[in-house]
Amino acid sequence: MKRCLSILLALAMLLALAACGGESGGDAAGADELVIWHDKEDAVIQALQDYLAQAAPELKITFEKKTSLTDSLKLVGNDPSAAPDLFIFAHDKIGVFAEMGILSPIGGLVDAAALEDMLPMTLDAATYKDTLYQLPLYFETLLFMYNQRYMLPDSVPATTGELLSYMQANTGRGRYGFVEQHSTAYYSAAWIHGFGGSIIDENGTPFPDAGAVKDALAYHLKFVRLMPGETEYNTVNTLFLEGKADATIGGPWMVPSAREAGIKLGIAPMPTVDATGMPLAPYSGVQGIHVLKFAAENKTEAVKELLAALADPAIGVSLALASGCAPANEKCYDDPQVAEDELVQAMRATAEIAVPMPNIPEMDVMWTVTGNLLTDVNLSGKDIDASFDAALAQANDLISAMK
Amino acid sequence: MKKTVAVFLALVMCLTLLPLTALAAEAPAEEAEEAEQVEMVAIVAKVPAGWEDPCLWAWADDGTNAFEAWPGEEMDPMEGEEGLYYCYVPAFVQNVIVNANKGTMQTDAIAVEAGETAWITVEQTITAETSAEALTETEIPEYVKKIKVHAYVPLAWESVNLWAWADPDGTNAFDTWPGLALKEEDRGWFTGKIPAWANRIIVSGNEGEDDEKTEDVTIEPEELWITVYNDLTYDVAYEDPDKAVEDVTVHAQVPEDWADPCCWAWSAPDGTNAFDAWPGEALTAEDGGWYTIQVPGWINSVIINANEGSVQTSDLAVEPGSELWITVTDAENAQVAYEAP
């Protein structure tokens, strides 16, 4: 009876894994057949397919879109029969997958010379514990965007003090001088970095500079009071797209919608914090290709050929032109068409100050901890010191529990 | 001979029909013109102190309303007559309610004679008296069809005025620049009425100081919403730009082994989601194997999923604002239709 039960359970597990995988890379496929999971928009994948058809014609590459890519990888990443060979995703999960043991370092798979032209910020992002785990393709950062019909050229703020003055003069009658997702960790991080602080350091220490974080929270509160209490992405996005907010800090993904909505869009450098002389420094997300261990060991030549093709500046140019992506390869910005793209160039400029999202596993808990801290301070009006102490204690508890 | 007569008669008939055909083609335009020229009669009301911005709600005994929505048409003050306001209503009106202070104060229903000017005196209570006798010797201004103009203006403008005229003859709607002072309404819009014959306007701020004004704006004779930006450029719309987009219904048919189907919907490429978290909202089972759900009208992308989000369609691009029917054959195959299959 027990044996029957075991067989039944094993069968059930196999069926579940098969369902997760769809088409997989793994041992069943040929050595020149590569399956790549992704969660990207069609324009990005089309550009990659068109480019690879020319650059690596002998490879049989299948792109497979996964809505919950990271969850699926956690389930089947160690199973060559269900896992892909490679996947395209942001760099911030590298630590999780490296610790799971499913990622292959790419140092031995790509020529070191091919990495020389990558923007340093993108290589920093792709490195975990001194090992490179991702070939960066392009990156995203938040940008300071404004409606040129409301925020006139002489009003675009160079400093946060000027931004505050603008907000005070231009908020009322159902409209806002500036809006952002003020109580979301991803957006608030720019303000914390502008005060020299950080949410977590590379060793996994939460809020390593407590004073900087508390100063940022106290200063940011003046701006929060001039913004809607509702901090959801949909609210902020809608206010800006409907012309009810003059300026915002948002991602490049907002740009096509803003242009479609008839917004005369301007993009400006991030304002500098008067007190520190440092700019608001948003997180950056570096999108790149990751190699799973099985593929690195069993399809080595195919993987090397693919990575060599993707390290070429030509694909970065294609992605920039097709989808407004900011290429990781610095040489792409010399292309005349890319040089004319205001949005791409703005992200290139922001790359100088942007902070790569931490890619260590401990960051997973900090999103929630920081979100709660922001809610307490910005939305519930709680004392900054007490809220910070509670958040720090919670972070330490959760990180200890992870170990 | 018979044949010749027949041909002759046919020709005469055709010639007779030609003007009728031409008339038939003109008929809708005439009807529209007639509709424009509905007989209007004046209702004059004397309201007590404290009744600000009086409006008139009016209807016929058969329930036909004269105006679209409560509190009805804003009444105009009669020049030089304190507390006296007038408003024109279609001649079919047999009942009115005078109200004020954004509809928070009102009379009971007041019966009036259809097609006749009515004079109403509103007491401090909700009662009112109506009479055929004039309350003043001042002449009621002639009926002029008016349109509403709504203006959304820079925050630095503390007051907003509207200048209107007919081009090219140069007839002005108001006596002196900067014209009608607009009143602040909900959601930051300023509103006022101008004669429908005006085809040019200028919106100005702070009494027109420092050249705070738009250029000459050409308009159609319809209610309009003008947004004036800080750079003094403008957009004119003939539908309320703030009007919420209505929800639409998504119908879906899914394979038998797709349990508890859900809908995930968003606006691409900005990524605004209709629901808080994956897998979205559960669909409701209807007759005939269909499931339905209401989604915001602005979404343009949909995923139908089931089994707690473990099985799903690919991203389905859909037309915003349209009711749609999705037939899911399997995870890779789904058909979208805009009419019930």
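Residues numbered from 1 in each chain as written. Chains lettered and ligands numbered in written order. Predicted model: local features only at pLDDT ≥ 70, side-chain atom pairs only at ≥ 80, totals over all residues.

**With respect to the overall build of chain B**
Line of reasoning, step 1. In terms of helices and strands, chain B carries one helix and 30 strands.
Line of reasoning, step 2. Buried positions account for 30% of the 341 residues belonging to chain B.
Line of reasoning, step 3. Looking at chain B alone, contacts between residues at least 24 apart form 52% of all its contacts between residues at least 6 apart. (Helix = DSSP H or I, 4+ residues; strand = E, 2+ residues; numbered from the N terminus. Buried ≥ 20, exposed ≤ 12 C-beta atoms within 10 Å, placed from the backbone. Contact = placed C-beta atoms within 7 Å.)

**Topic: the overall build of chain A**
Line of reasoning, step 1. Check the secondary structure of chain A and you find 17 helices and 13 strands.
Line of reasoning, step 2. A globule of 403 residues ought to have a C-alpha radius of gyration of about 22 Å, and chain A, at 23 Å, matches this closely.
Line of reasoning, step 3. Along the three orthogonal principal directions, the C-alpha set of chain A runs to about 70 × 55 × 35 Å.
Line of reasoning, step 4. Looking at chain A residue by residue over its 403 residues, the buried ones come to 49%.
Line of reasoning, step 5. When contacts within chain A are restricted to residue pairs at least 6 apart in sequence, those whose partners lie at least 24 apart make up 77%. (Rg over C-alpha atoms; globule rule 2.2 N^0.38 Å.)

**Here we look at the confidence of the model for chain B**
For any part of a model where pLDDT is low, the fine detail of the predicted coordinates should not be relied upon.
All names here are of chain B.
Line of reasoning, step 1. Counting all residues, the mean pLDDT for chain B is 85, and 88% of those residues have values of 70 or more.
Line of reasoning, step 2. When pLDDT is averaged over each helix and strand of chain B, the minimum, 44, is found for helix α1 (residues 2-36) and the maximum, 98, for strand β17 (residues 217-218).
Line of reasoning, step 3. Low pLDDT, under 50, characterises residues 9-35; the stretch is placed with zero contacts to residues that sit more than four places away or in other chains.
Line of reasoning, step 4. In the predicted complex, the global pTM is 0.75; the interface-specific ipTM is 0.74. (pLDDT = per-residue confidence, 0-100.)

**Some words on the packing of helix α16 (residues 363-379) of chain A against helix α17 (residues 384-402) of chain A**
All names here are of chain A.
Line of reasoning, step 1. At their nearest, the axes of α16 and α17 sit 9 Å apart, and the two run at 165° to each other. Between α16 and α17, the interaxial angle falls into the category roughly antiparallel. As α16 runs across α17, the sense of the crossing is right-handed. Across the interface between the two elements, Val365, Met366, Val369, Asn372, Leu373, Asp376 and Val377 from α16 touch Ile384, Ser387, Phe388, Ala391, Gln394, Ala395, Leu398 and Ile399 from α17. (Axes fitted to C-alpha atoms, helices over the stretch in contact; angles between N-to-C directions. Parallel < 35°, antiparallel > 145°, perpendicular 65-115°, else oblique. Left-handed = near helix turned anticlockwise from the far one by under 90°.)

**Points about the domain arrangement of chain B**
Line of reasoning, step 1. Splitting chain B by domain gives domain 1 (40-131), domain 2 (146-237) and domain 3 (248-337).
Line of reasoning, step 2. Once you take the C-alpha centre of each, domain 1 of chain B and domain 3 of chain B turn out to be 50 Å apart. (Domains from an automatic or database assignment.)

**Structural notes on the nonpolar core**
Line of reasoning, step 1. Counting 144 residues, the largest nonpolar core has Ala190(A) and Ala151(B) as the members making the most contacts within it.
Line of reasoning, step 2. The next biggest cluster of nonpolar side chains, apart from the first, holds 30 residues, and it includes Val44(B), Trp59(B), Val96(B) and Ala118(B). (Core = buried A, V, L, I, M, F, W, Y, C linked by C-beta atoms within 7 Å.)

**What about helix α8 (residues 210-224) of chain A?**
Residues and elements named next belong to chain A.
Line of reasoning, step 1. Counted at 1.5 Å a residue, the expected span for α8 with its 15 residues is 21 Å, and the 20 Å between its end C-alpha atoms agrees.
Line of reasoning, step 2. Of all the positions in α8, only Val213, Lys214, Asp215, Ala216, Leu217, His220 and Val224 are classed as buried.
Line of reasoning, step 3. Elements in contact with the buried residues of α8: α7 (185-194), α16 and α17. (Expected span 1.5 Å × (residues − 1).)

**Observations concerning the pairing of strand β7 (residues 134-141) of chain A**
All names here are of chain A.
Line of reasoning, step 1. Of all eight residues in β7, eight are buried; the element is thus mostly enclosed.
Line of reasoning, step 2. In terms of strand pairing, β7 meets strand β11 (residues 283-292) through seven bridges, oriented antiparallel. Note on β11: the bridge partner recorded for leucine 135 is isoleucine 289.
Line of reasoning, step 3. The pairing of β7 with strand β12 (residues 326-327) spans two bridges and is classified as antiparallel. Looking at β12, one finds that phenylalanine 139 is bridged to alanine 326. (Pairing = 2+ DSSP bridges.)

**Points about the sheet that holds strand β15 (residues 190-195) of chain B**
Residue and element names in this part refer to chain B.
Line of reasoning, step 1. Read from one edge of the open sheet, five strands run β14-β15-β11-β18-β19, paired in mixed fashion. Among the strands making up the open sheet, the edge pair consists of β14 (183-184) and β19 (234-237).
Line of reasoning, step 2. Alignment of strand β11 (residues 146-152) against strand β18 (residues 224-228), held across four bridges, turns out to be parallel. Looking at the pairing, valine 149 lines up with leucine 224 of β18.

**Brief notes about the sheet that holds strand β12 (residues 160-165) of chain B**
Residues and elements named next belong to chain B.
Line of reasoning, step 1. Ordered by their spatial adjacency, four strands build an open sheet running β13-β12-β16-β17, and the pairing between neighbours is antiparallel. With one partner strand each, in any of the chains shown, β13 (180-181) and β17 form the two edges of the open sheet.
Line of reasoning, step 2. Alignment of β12 against strand β16 (residues 200-205), held across six bridges, turns out to be antiparallel. Bridging across to β16, asparagine 161 finds its partner in serine 204.

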